[in-house]
Amino acid sequence: VEWGFLDKVIDYASFDAWVTWHLYKELQEQLTKRSLPPAFGHLMGLDPGSYSLWDYFLMLEMPTLDVFYAMERAGMELDLPYLVSLQGPMMERMEGIKRQFARLSGKGDFNPASTPQLQWLFFDKLGAEPLKHTGGGESGNRKPSTDVETLKQFAVRDDAIGHAAKLGLEYRGYHKLKGTYIDGLLKRVSPDGRIRTSLNSHVARTGRGSSSDPNLQNIPARTEDGRMIRRAFIAAPGKILGCCDQEQLEPRITAGLSQEPNMCDAIINGLDFHSNTAALMFGIPYDEIVAGKKAENQAMIDKRFKAKTIGLGLLYGEGLYKLAKQLKCDRDDAKDLSIRYWEAYPNVKRFQEECVQFAYDHEYITTLLGRRRNLKAINADDHRFRSEAERQAG
């Protein structure tokens, strides 16, 4: 190797280290200047005093990175023979759906994964009315959409269009399971039979941990087919797999931050939170909601579901349109449920409004421990950016 090349490599590496050092000092100075709320010391079990974001970084972020590093190095054990055994049955299901599409379309080579072919089938052959369009722009080449939302709306029909939509949704589900999870995971397996992901503490702006390359945090669990994929993750010999869940985490944090008495009383008294919310919203005794749920009384189950859905939706800043879709009702009903929720928990509404106002004044919002999320867009001229920032702040 010529010395001239090595000389350039050494210069580059030296400059890289020099820039990193100065960046570290600059960021350390900025974080040290930003103080944390008194709650940080209290919740961390520290002596009273003043703490900065630099303390937050050293006490929370860095230890988390050590854990992530150890998890990445260890990887996850996979039952490879079991995962391979899923490929054949999944392909058979997909081929069966393709044969049904062939009969519907009259084309033996019909491909359910092809958007143009789906557009031809639904809107040319079957005569469906487009619900929305994609594309456009200056060319004006707009096409009727066949996305998941459209197919779900078609699927409620009791005709050939509804049948084709159900088949399309089913095929997409299997295609996703096989391509992303079965084939995708098998391609990522290391020689030792384990799969390794990148665990990130800095990608999600909210500060939550995330997984990438591959993403092991979105392995499906709501359907039986999805749970089949999850069963491929096993414990290594001599180890066990544990499952931990933070029960009703969002309402509990909201209760503490807003000091909403109706929320706090429910948590302190060990009540089922969403049943209590339903009781407050609909004026029905709490015991009646709980008893109805245990007896599988559909009316009471529906009320609890509405209370849970509207509550979590409003806490995450969802609008009436999205809430109405989740609840399968119109916007007026969703609005009525929203009003009932805020009447049940008025302090939560006040707290969210205070958070939004704080963001307008400071262009950031903080967690209870003081981690900041910058929201400069909240004062943007474009109302779309402002609305999104308001949602994030509240």
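No experiment lies behind these values; they were computed from the predicted model shown.

A.B. asks: Can you walk me through the nonpolar core in this structure?
C.D. replies: Here is a general trend for soluble globular proteins: nonpolar side chains tend to be buried in one another's company. Grouped together as the largest cluster of nonpolar side chains are 35 residues, with contacts concentrated most on Phe-101, Phe-122, Phe-154 and Ile-229. Secondary structure elements with two or more residues in this core: α5 (87-105), α6 (115-125), α7 (148-154), α8 (160-188) and α9 (224-230). Among residues more than four places away in sequence, those in contact with Ile-229 are Leu-86, Leu-177, Tyr-181, Ile-182, Leu-185 and Ile-219. With 25 residues, the next largest nonpolar core counts Phe-273, Ala-279, Met-281 and Leu-314 among its residues.

A.B. asks: Even after reading the chapter, I still don't get the packing of α5 against α8, so can you show me in this structure?
C.D. replies: Packed helices, taken two at a time, are described by the angle between their axes plus the distance between the axes. The N-to-C vectors of α5 and α8 enclose an angle of 155 degrees; their axes lie 10 Å apart at closest approach. As the angle between them shows, α5 and α8 are arranged roughly antiparallel. Of the two elements, α5 crosses α8, and the hand of that crossing is left-handed. Class assignment of the residues belonging to the contact of α5 with α8 gives a composition of 14 nonpolar, five polar and five charged.

A.B. asks: Just to check I follow, could you spell out the packing of aromatic side chains for this structure?
C.D. replies: Aromatic ring pairs are reported here in terms of the distance separating the ring centres and the angle at which the planes meet. In total, this model carries 14 aromatic pairs according to the counting rule given. On the numbers, 5.3 Å between centres and 20 degrees between planes, the contact of Phe-101 with Phe-110 is stacked. Among the aromatic residues, those joined into a cluster by ring pairs are Trp-21, Tyr-24, Trp-54 and Phe-57. For Lys-107, the ring lying beneath its charged end belongs to Trp-120, and the centroid distance is 4.0 Å. A cation sits over an aromatic face here: Lys-303 above Phe-282, 5.5 Å from the ring centre.

A.B. asks: For this particular structure, what's the right way to read the confidence of the model for the chain?
C.D. replies: Low-pLDDT stretches of the model should not have their predicted coordinates read in fine detail. Looking at the chain, pLDDT values average 91 and 98% of them are 70 or higher. Taking the mean pLDDT of every element in the chain, the minimum, 76, falls on strand β2 (residues 133-136) and the maximum, 96, on α6.

A.B. asks: I keep staring at the side chain of Ser-201 and nothing clicks. Help me out?
C.D. replies: Topologically, Ser-201 is positioned in the loop between β5 (198-200) and β6 (210-212). By relative accessible area, which is 11% here, Ser-201 ends up buried. If sequence neighbours within four positions are ignored, Ser-201 has contacts with Glu-61, Leu-65, Phe-68 and Gly-207.

A.B. asks: Help me understand the environment of Glu-288 in this model?
C.D. replies: Tracing the sequence through the fold places Glu-288 in helix α13 (residues 286-294). Given the relative accessible area of 41%, Glu-288 is considered partly exposed. Along the sequence, Glu-288 and Gly-88 sit 200 residues apart, while their C-alpha atoms lie 49 Å from each other.

A.B. asks: Which parts of the structure should I look at to understand the pattern of salt bridges?
C.D. replies: Opposite charge on two side chains permits pairing when their charged atoms draw close. For the coordinates displayed, the defined rule picks out 19 salt bridges. Of the charged contacts, one joins Arg-391 and Glu-388 as a salt bridge, the two residues approaching to 2.7 Å between their closest N and O atoms. Pair noted here: Arg-391 and Glu-388 are both in helix α18 (residues 383-393), with a separation of three residues, about one helical turn.

A.B. asks: Would you mind going over helix α14 (residues 298-315) with me for this structure?
C.D. replies: Here α14 contains 18 residues, and its C-alpha end-to-end distance of 25 Å stays within 8% of the 26 Å for a straight helix at 1.5 Å per residue. Listed as buried for α14 are Met-300, Arg-304, Ala-307, Thr-309, Ile-310, Gly-311, Gly-313, Leu-314 and Leu-315. Where α14 begins, the capping side chain belongs to Asn-297, and its oxygen is found 2.9 Å from the backbone nitrogen of Ala-299. Gly-317 occupies a position one or two residues after α14 and carries a positive phi of about 80 degrees.

A.B. asks: What's the story with helix α11 (residues 261-268) in this structure? I'm lost.
C.D. replies: Since the α-helix turns once every 3.6 residues, residues separated by three or four places project in the same direction. Considered for burial, the residues of α11 that qualify are Met-263, Cys-264 and Ala-266. For α11, the angular spread of buried residues about the axis comes to 160 degrees, placing them on one side. In this structure Glu-260 caps α11, since a side-chain oxygen of it lies 3.1 Å from the backbone nitrogen of Asn-262. Of the residues one or two after α11, Gly-270 is the one with positive phi, at around 70 degrees.

A.B. asks: Sorry if this is basic, but what is going on with the packing of helix α12 (residues 273-282) against α14 here?
C.D. replies: Contact geometry of α12 with α14 gives a least axis separation of 8 Å together with a crossing angle of 100 degrees. Comparing the axis directions of α12 and α14 gives the class roughly perpendicular. On α14, the residues touching His-274, Ser-275, Thr-277, Ala-278, Met-281 and Phe-282 of α12 are Lys-303, Arg-304, Lys-306, Ala-307, Lys-308 and Ile-310. A breakdown of the residues in the contact of α12 with α14 according to their chemical character gives five nonpolar, three polar and four charged.

Rules used throughout
Residues numbered from 1 in each chain as written. Predicted model: local features only at pLDDT ≥ 70, side-chain atom pairs only at ≥ 80, totals over all residues. Heavy atoms only, no water. Core = buried A, V, L, I, M, F, W, Y, C linked by side-chain atoms within 4.5 Å. Buried < 20%, exposed > 50% of the residue type's maximum accessible area, 1.4 Å probe, protein only. Helix = DSSP H or I, 4+ residues; strand = E, 2+ residues; numbered from the N terminus. Contact = heavy atoms within 4.5 Å. Axes fitted to C-alpha atoms, helices over the stretch in contact; angles between N-to-C directions. Parallel < 35°, antiparallel > 145°, perpendicular 65-115°, else oblique. Left-handed = near helix turned anticlockwise from the far one by under 90°. Nonpolar A, V, L, I, M, F, W, Y, C, P; charged D, E, K, R; others polar. Phe/Tyr/Trp six-rings, centres within 6.5 Å; stacked < 30°, edge-to-face > 60°. Lys NZ or Arg CZ within 6 Å of the ring centre and 35° of its normal. pLDDT = per-residue confidence, 0-100. Salt bridge = Lys/Arg side-chain N within 4 Å of Asp/Glu carboxyl O. Expected span 1.5 Å × (residues − 1). Polar contact = N/O pair within 3.5 Å; in protein donor to acceptor, adjacent residues only side chain to side chain. Arc of directions from axis to C-beta.

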